Amino acid sequence: MFKNYIQASVLVSAAALVAMPMVGCQTYERDDQATVSGAPMSVVPDAAKNAFRKDHPNASLTNVEQQPASTGQMLYKFVYITNGDAGQAIYHGDGRRVSPN
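Residues numbered from 1 in each chain as written. Predicted model: local features only at pLDDT ≥ 70, side-chain atom pairs only at ≥ 80, totals over all residues. Heavy atoms only, no water.

Draft legend 1. Region of the structure containing the overall build of the protein. When helices and strands are tallied, the protein shows two helices and five strands. Sequence-ordered secondary structure for the protein, helices as α and strands as β, is α-β-β-α-β-β-β. Across the 101 residues of the protein, 25% fall into the buried class. Contacts in the protein between residues far apart in sequence, at least 24 positions, make up 37% of those at least 6 positions apart. Taken as a whole, the protein presents about 7,000 Å² of accessible surface, with 57% of it coming from carbon and sulfur. (Helix = DSSP H or I, 4+ residues; strand = E, 2+ residues; numbered from the N terminus. Buried < 20%, exposed > 50% of the residue type's maximum accessible area, 1.4 Å probe, protein only. Contact = heavy atoms within 4.5 Å. Areas by Shrake-Rupley, 256 points an atom, 1.4 Å probe, with all protein chains shown as cover.)

Draft legend 2. The pattern of salt bridges, seen in detail. As enumerated under the stated definition, the model contains two salt bridges in all. Close ionic contact of D46 with K49 constitutes a salt bridge, the shortest N to O distance being 3.5 Å. Taken together, the positions of D46 and K49, both in helix α2 (residues 46-55) and three residues apart, correspond to about one turn of that helix. Looking at K49, the relative accessible area reads 15%, which means it is buried. (Salt bridge = Lys/Arg side-chain N within 4 Å of Asp/Glu carboxyl O.)

Draft legend 3. Focus on unusual backbone geometry. Within the chain, N83 stands out as a residue other than glycine whose phi angle is a positive 50°. Residue class for N83 comes out exposed when judged on its relative accessible area of 73%.

Draft legend 4. View of the pairing of strand β4 (residues 74-82). The sheet contact formed by strand β3 (residues 60-68) and β4 spans eight bridges and is antiparallel. Looking across to β4, one finds that Q67 is bridged to L75. Linking β3 back to β4 in an antiparallel pair, the connection comprises five residues, with G72 at a positive phi of about 95°. (Pairing = 2+ DSSP bridges.)

Draft legend 5. How the structure looks around the nonpolar core. Within the largest apolar cluster, 13 residues are counted, with the highest numbers of intra-cluster contacts made by V44, F52, F78 and Y91. Among the elements of the structure, α2, β3, β4 and β5 (85-92) are those that each provide at least two residues to this core. Residues within four places of F52 in sequence aside, it is in contact with A59, L61, F78, Y80 and Y91. (Core = buried A, V, L, I, M, F, W, Y, C linked by side-chain atoms within 4.5 Å.)

Draft legend 6. Quick look at the environment of N58. Here N58 lies in the loop between α2 and β3. A relative accessible area of 63% places N58 in the exposed class. Linking N58 and I81, residues 23 residues apart in sequence, is a C-alpha distance of 8.7 Å.

Draft legend 7. A look at the packing of aromatic side chains. One pass over the structure, following the stated rule, counts four aromatic pairs. The interplanar angle of 85° and the centroid separation of 6.4 Å between the aromatic rings of F52 and Y91 together place this pair among those described as edge-to-face. You can see F52 sitting in helix α2 and its partner Y91 sitting in strand β5, a full 39 residues away along the chain. Of the two residues, F52 and Y91, both sit in the buried class. (Phe/Tyr/Trp six-rings, centres within 6.5 Å; stacked < 30°, edge-to-face > 60°.)

Pasting the structure below:
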């Protein structure tokens, strides 16, 4: 009986290790499934979404954050994965990309 318990434990542990990478990083295939600081993607201006998609056509979007700039304008930070590499890009609402410092 103890041997069966050990075998079952090993099997469950192995299944968890296989499943972990699949659940560890949630990606969004469609923009409207992502959230912006808890709000739907629909609050991100189309110009910013279109600019991001133009610059990163193969990216899987993982998160979008709405961030106020020091000037009072709203910025949109897109967090994404492309070919296994994580990245981020920040855009103004009108689609202009904020240059990295």
